[in-house]
Amino acid sequence: QVQLVESGGGLVQPGGSLRLSCAASGSIFSITAMGWYRQVPGKQRELVAHITSGGSANYAHSVKGRFTISRDNAKNTVYLQMNSLKPEDTAVYYCNADVFTLVTGGYLEHWGQGTLVTVSS
């Protein structure tokens, strides 16, 4: 069993900052890619940022220069630092990770439960 637990969402004013965290736990042998996605009601879930186990990151065009993804491999944790937040960043943010377990003998994609970020004055 693998669990991803997000934290750090909330209400913030435009121009403000938030830091999301996502910790993976369970029978983890290794984790390759980790990422953050977001979803607004009525729209498809979209990639926000993605980071490899080696630290290579890529971002959605809409968040480049404002958001920073990072990870602590020793803690199986990925972070999303969000600065200069805009109302259009309002969404439920989901953590994602490709996890290898000895039980499955392969990599499976796992998702967190989501954390709500609301940007509003």
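Computed from a predicted structure; not experimentally measured.

Asks: Where do I start with the nonpolar core in this structure?
Replies: Nonpolar side chains in soluble globular proteins generally cluster together in the buried interior. One finds Trp36, Val48, Phe67, Val78, Leu80, Met82 and Tyr93 to be the most contacted residues of the largest nonpolar core, which totals 29 residues. The set of elements that each furnish at least two residues to this core consists of β1 (2–7), β3 (18–26), β4 (30–39), β5 (46–51), β7 (67–72), β8 (77–82), β9 (91–101) and β11 (115–119). With five residues, β9 is the single largest residue contributor to this core. Sequence-distant contacts of Val48, defined by excluding residues within four places in its chain, comprise Trp36, Tyr37, Arg38, Asn58, Tyr59, Ala60, Val63, Phe67, Leu80 and Tyr93.

Asks: Explanation requested: the pattern of salt bridges in the structure shown.
Replies: Enumeration over the complete set of coordinates arrives at three salt bridges. Residue Asp89 is joined to Arg38 by a salt bridge in which the shortest nitrogen-to-oxygen separation is 3.0 Å. Of the two residues, Asp89 sits in the loop between β8 and β9 while Arg38 sits in strand β4, which places them 51 residues apart along the sequence. Considered together, Asp89 and Arg38 belong to a single accessibility category, that of buried residues. Of the charged contacts in the structure, one is a salt bridge between Arg66 and Asp89, with a shortest N-O distance of 2.7 Å. Highlighted residues: Arg66 in the loop between β6 (57–59) and β7 and Asp89 in the loop between β8 and β9, separated in sequence by 23 residues. Overall, Arg66 belongs to the buried group, its relative accessible area being 10%. Each of Arg38, Glu46, Arg66 and Asp89 takes part in salt bridges that share partners, so that together they form one network.

Asks: Before we go on, may I ask you to explain the pairing of β8 in this structure?
Replies: Remark: a regular strand shows side chains that alternate across the two faces of the sheet. Counting buried positions along β8 yields five of six residues, so the element is predominantly enclosed. Pairing of β7 with β8, which is carried by six bridges, proceeds in the antiparallel orientation. Pairing of Ser70 across the sheet is with Tyr79, part of β8. Where β7 hands over to β8, the hairpin turn is made up of four residues, of which Asn76 adopts a positive phi near 50°.

The rules behind each value
Residues numbered from 1 in each chain as written. Predicted model: local features only at pLDDT ≥ 70, side-chain atom pairs only at ≥ 80, totals over all residues. Heavy atoms only, no water. Core = buried A, V, L, I, M, F, W, Y, C linked by side-chain atoms within 4.5 Å. Buried < 20%, exposed > 50% of the residue type's maximum accessible area, 1.4 Å probe, protein only. Helix = DSSP H or I, 4+ residues; strand = E, 2+ residues; numbered from the N terminus. Contact = heavy atoms within 4.5 Å. Salt bridge = Lys/Arg side-chain N within 4 Å of Asp/Glu carboxyl O. Pairing = 2+ DSSP bridges.

Note that all results are geometric; they support no functional claim without further evidence.
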